[in-house]
Amino acid sequence: MNRICLLALYAVLWAGCGSSNEEAPRLSQNFTRLTDETWYGAYTMLREEWEDSFWSETSPGCVSFSSSETSYRDMLLHDIVSDDTGARFAASRKRTSRSVYKRTSLCDGCTDTTTDIGLASGSGVVEADIDVGIDFDEGVSVLMVTPWDTILEQSSHTTTYESTCSGPEEQGMSGEADIVAAIDEIGYWLPGATPGSYIIYGSRVETSSSGDHHWRDTYTWRFSNKQEVRLVIDAVNLENWRPLATYWDGSGAPPTTGGAHLKLEAILVPLPSSTSAPLPKARKITFKLLKSSSVPGIAMNAPLYNAENSPQDLQFEQARNQALGMVFVNKDRVETAPGSLYEFASAELSSFDSGAYGEVTAEAELEDGTIITARFRDTGDNPMRIPKRAPDSYVAEKWMQDHGAGAAGDFVDEEKLAGGAGDGHFGDGLTMYEEYRGFFANNIWFDTRPAEVDLMVLNDTSESLKADIDSGIQRFATASGLKVHSAFTRQDLETPMDHTDYDATKRVINLNTLEEGGRHKVDQHAVVLRLSSNALSPISQTYGGPSSPKNISQIELSRRATGDKLVWTVAHELGHAVNIPHHGEGGIRDAYWALRPDGSFHETADSTTTTGVPVILKLEATGQVFSSSVSTEVTLSTKLQGLASGDETCFMRYPIATGIERASEPGVRYYILSPEPYGVTLCLDGMGKDFNSNRTYPDGSPRPSRHGNAAAGRGNCMHRTCINDFHAHPSGGTP
């Protein structure tokens, strides 16, 4: 029936208005408007719109590479419930959109990125009027619902432009719009169970697509002018429930017992036994799992192998439901036993994945054979979403609230380090959904926080060194502001064979991906700590650093480092694994000051070398000549702005020099009597603050800087951190 025709029909008190173009039968002249009736029932309209698209191209000539990624979700719900207290029109809207256009020019070396983010949300309840008309000859009904007031959504749109060749720019706008509207529907009618009672009902689904953009509208309604029973579905403690998984390493049979269980309840309202009205009971109540996720694995990194064989994420377990008196039909359906009449029933749903999501409903077959479908808490959605979550999200609403995520989308990865730390690249390579779904480390599951920048570390070293290495990891975490997770073992990550193994398919922490809706952005890598294969080597190295974790094959720690030196070494090498370079390069060499019989010193390469050059030794602290009765090994700082330069408290500076060689004073060496401190922070600039600054000796004469400020473009380590593998930092070699 044409809707314009319908409105005209209503205006002339249900007179006929011509032929119909739709499937509903044509109305006759005998259309009757039912007035002064109280209507019991509900109407739901769910409008869904979504898009996930990606394209890229390379242009000829002055070659450039362009790519665009779009993720769009829009969900509008109209939910109307009517009873003795009147009609209530509830509406909610949630829209998220994110598009990223990136262009890289190989001519000027610039990468320009334009990011558009749109958000809209709103909800509310207003009273409404319901009008119903029935064509008794043709079996057709008309439903019209008019809200009394508006319900507004608040919207915002932000466009951010970033370029590697210029500064960022941002523009934004906001607005509001009404999300309720008058409803007019053509449906059908049936006589009710009692004289003078009528049931009007209808449903339809409208779908459309244009390329990667899709729409789906679902309408369903049922009203009666006499009170009927309704079926309400709920779950115990649904507000606080989240899915979990039973650990499985991928070997043997998958788990048959869920990691978390949710008790479902379906109840007839009002209870037939509680009222004098002749209300039917149910011959059977059935729980149906309409949708269940089947994301590979049970968590982001578990299992490492055979993830595709993991069980369906949500299921009805046979034993647990039989214990509740239910008949187990299959993993997607349980029902009450035959031969009895029911007013309520309970079932139990189990999760086999820590990121499981789905939809469940219940149906009741009444004594008269009528089938009614449950509504969530009688005023909510049908079906009920598991866990309790927004229509466009797979993340539990309570988890989002507890972690201050607000209405952020599942695809968001925009964490920032506190105080403006980091190199300006936000996020940690893990989307909101991936942080929620979580990880297994040493058989123990954990989730991460969307406000924290997370770094995953596999400490594949020696138990005897655990205390010092853990202290080094903590020193790095405290200074950088990163949340470091270091409980992983070899069974939790596919590790490199050795330091030459840069295979980027290994060390991936979010291995078991869900690509839908941008819920996976990039394969994010863990950092592997190992001991050097050479037991005598004094050198610790970060292979592939400085760079982001993807390019770090592994960190090798010297077996000769112990105590505070090992603590410093761990923090220093982890710095390279998050793209922090040295304060400078070179300027360090080992030497030997050999005492001659006449009390003078010669400098040689080592203690076994017999020839060298004469040197005069002075104390670096006073500038006075140093007299010693023994030969000694030294590590010389040979230039300014080298490895030992910059802020003395930063652990990216080398604190190993015991002597100074200055080009301005050939043949003179300065002895550093007190060991230099191991750094405990990340510096905020490249300047020396203590012995690396120019000061004076006790007598007031100039005392030159030991090692100088950091080299040009170095230092300021706190603002160099980046762990997000989405940003392609080049490999820096092997510092």
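For clarity, every value in this text was computed on a predicted model and none was experimentally measured.

A.B. asks: Could you clarify how one ought to interpret the overall build of the protein chain in this entry?
C.D. replies: A count of helices and strands for the protein chain gives six helices and 37 strands. Summarising its shape, the C-alpha atoms of the protein chain cover approximately 130 × 55 × 50 Å along the three principal directions. For the protein chain, with 735 residues in total, the buried portion stands at 51%. Once local pairs closer than 6 in sequence are excluded, the contacts in the protein chain between residues at least 24 apart make up 70%. On the protein chain, roughly 32400 Å² of surface is accessible, and the fraction owed to carbon and sulfur atoms is 51%. Here the protein chain carries 62 positive and 100 negative side-chain charges, and the mean point of each set is 4 Å from the other.

A.B. asks: What is the right way to look at the sheet that holds strand β15 (residues 314-316) in this model?
C.D. replies: Backbone hydrogen bonds hold the strands of a sheet together, and the pairing may be parallel or antiparallel. Taken together, five strands build an open sheet; the order of strands is β15-β18-β13-β12-β21 and the sheet is mixed. Pairing within the sheet leaves two strands with one partner each, and these edge strands are β15 and β21 (375-376). As judged from the six bridges shared by strand β12 (residues 230-235) and strand β13 (residues 260-269), these two strands associate in the antiparallel manner. When the sheet's bridge partners are listed, D234 is paired in β13 with E265.

A.B. asks: Honestly, the sheet that holds strand β26 (residues 483-488) in this entry has me stumped. Any pointers?
C.D. replies: Strand order in the open sheet formed by five strands is β26-β25-β27-β29-β28, and the pairing between neighbours is mixed. Strand pairing shows two members of the sheet lacking a second neighbour, β26 and β28 (541-543), which therefore form its edges. Recorded for the sheet is a direction-independent mean angle of 25 degrees between the axes of neighbouring strands. Here three bridges tie β28 to strand β29 (residues 554-557), and the two strands are oriented antiparallel to one another.

A.B. asks: I keep staring at helix α6 (residues 563-577) and nothing clicks. Help me out?
C.D. replies: In an α-helix, one turn spans 3.6 residues, which is why side chains three or four residues apart end up on the same side. If you check α6, its first and last C-alpha atoms are 22 Å apart, about what 15 residues at 1.5 Å a residue would give, namely 21 Å. Among the 15 residues that make up α6, 12 are buried, leaving the element largely enclosed by the rest of the structure. Every buried residue of α6 is accounted for by L566, V567, W568, T569, V570, A571, H572, E573, L574, G575, H576 and A577. Directly after α6, the chain includes N579, whose backbone phi takes a positive value near 80 degrees.

A.B. asks: Is there a simple way to explain unusual backbone geometry in this structure?
C.D. replies: In most cases, non-glycine residues show a negative phi, while peptide bonds are predominantly trans. Between A302 and the following residue, P303, the backbone shows a cis peptide bond with an omega angle of -10 degrees. Checked against the element boundaries, P303 lands in the loop between β14 (282-292) and β15. In this structure, P387 follows I386 across a cis peptide bond, with omega equal to -10 degrees. When you line up the elements, P387 lands in the loop between β22 (384-386) and α3 (397-402). A positive phi is found at R507, a non-glycine position, where the angle reads about 70 degrees. Tracing the backbone shows R507 in the loop between β26 and β27 (527-531). The phi angle at N579 is positive, at roughly 80 degrees, despite the residue not being glycine. When you line up the elements, N579 lands in the loop between α6 and β30 (588-595).

A.B. asks: Is there a simple way to think about a nonpolar patch on the surface in this case?
C.D. replies: Side chains of Y188, L190 and Y201 sit close together on the surface and give an oily, nonpolar patch of about 250 Å² of accessible area. Under the relative-accessibility criterion, Y188 is labelled partly exposed at 32%.

A.B. asks: Hey, could you run me through the packing of helix α5 (residues 466-480) against α6 in this one?
C.D. replies: In helix packing, the relevant descriptors are the interaxial angle and the interaxial distance, both defined with respect to the helix axes. Contact geometry for α5 and α6: axes closest at 7 Å, N-to-C directions at 45 degrees. Relative to α6, the element α5 is oriented oblique. Between α5 and α6 lies a crossing of right-handed hand. Along the contact surface, α5 presents D468, I469, S471, G472, I473, R475 and F476, while α6 presents G563, D564, L566, V567, W568, V570, A571, L574 and G575.

A.B. asks: Looking at this model, I keep getting lost on the state of the cysteines. Mind explaining?
C.D. replies: Disulfide: a covalent bond connecting the sulfur atoms of a pair of cysteines. One pass over the full model with this rule turns up one disulfide. The side chain of C110 participates in a disulfide bridge whose partner is C165; the two sulfur atoms lie 1.8 Å from each other. Across the S-S bond linking C110 and C165, the dihedral sits near -105 degrees, which makes this disulfide left-handed. Placement of the pair is C110 in the loop between β4 (86-105) and β5 (111-135) and C165 in the loop between β7 (152-163) and β8 (166-178), with a sequence separation of 55 residues. Residue C165 is classed as partly exposed on the basis of its relative accessible area, which comes to 45%.

A.B. asks: I'm lost on the packing of aromatic side chains in this one. Help?
C.D. replies: Working definition: an aromatic ring pair is given by the centre-to-centre distance plus the angle between the planes. For the structure shown, the criterion picks out 17 aromatic pairs. Ring plane angle 40 degrees and centroid distance 5.9 Å describe the contact between W568 and Y678, whose orientation is recorded as tilted. Note that W568 is positioned in helix α6 and Y678 in the loop between β35 (668-671) and β36 (695-696), a separation of 110 residues in sequence. On the basis of relative accessible area, W568 is assigned to the buried category, the value being 4%. Members of the aromatic cluster, each reached through a chain of ring pairs, are F136, W189 and Y198.

The rules behind these values
- Residues numbered from 1 in each chain as written.
- Predicted model: local features only at pLDDT ≥ 70, side-chain atom pairs only at ≥ 80, totals over all residues.
- Heavy atoms only, no water.
- Helix = DSSP H or I, 4+ residues; strand = E, 2+ residues; numbered from the N terminus.
- Buried < 20%, exposed > 50% of the residue type's maximum accessible area, 1.4 Å probe, protein only.
- Contact = heavy atoms within 4.5 Å.
- Areas by Shrake-Rupley, 256 points an atom, 1.4 Å probe, with all protein chains shown as cover.
- Lys, Arg positive; Asp, Glu negative; His and termini not counted.
- Charge placed at Lys NZ, Arg CZ, Asp CG, Glu CD.
- Pairing = 2+ DSSP bridges.
- Axes fitted to C-alpha atoms, helices over the stretch in contact; angles between N-to-C directions.
- Expected span 1.5 Å × (residues − 1).
- Patch = residues over 30% accessible without salt bridge, like charges linked within 9 Å, V, L, I, M, F, W, Y side chains within 5 Å.
- Salt bridge = Lys/Arg side-chain N within 4 Å of Asp/Glu carboxyl O.
- Parallel < 35°, antiparallel > 145°, perpendicular 65-115°, else oblique.
- Left-handed = near helix turned anticlockwise from the far one by under 90°.
- Disulfide = S-S within 2.5 Å.
- Phe/Tyr/Trp six-rings, centres within 6.5 Å; stacked < 30°, edge-to-face > 60°.

Fair warning: the whole summary comes from geometry, so function is off the table for now.
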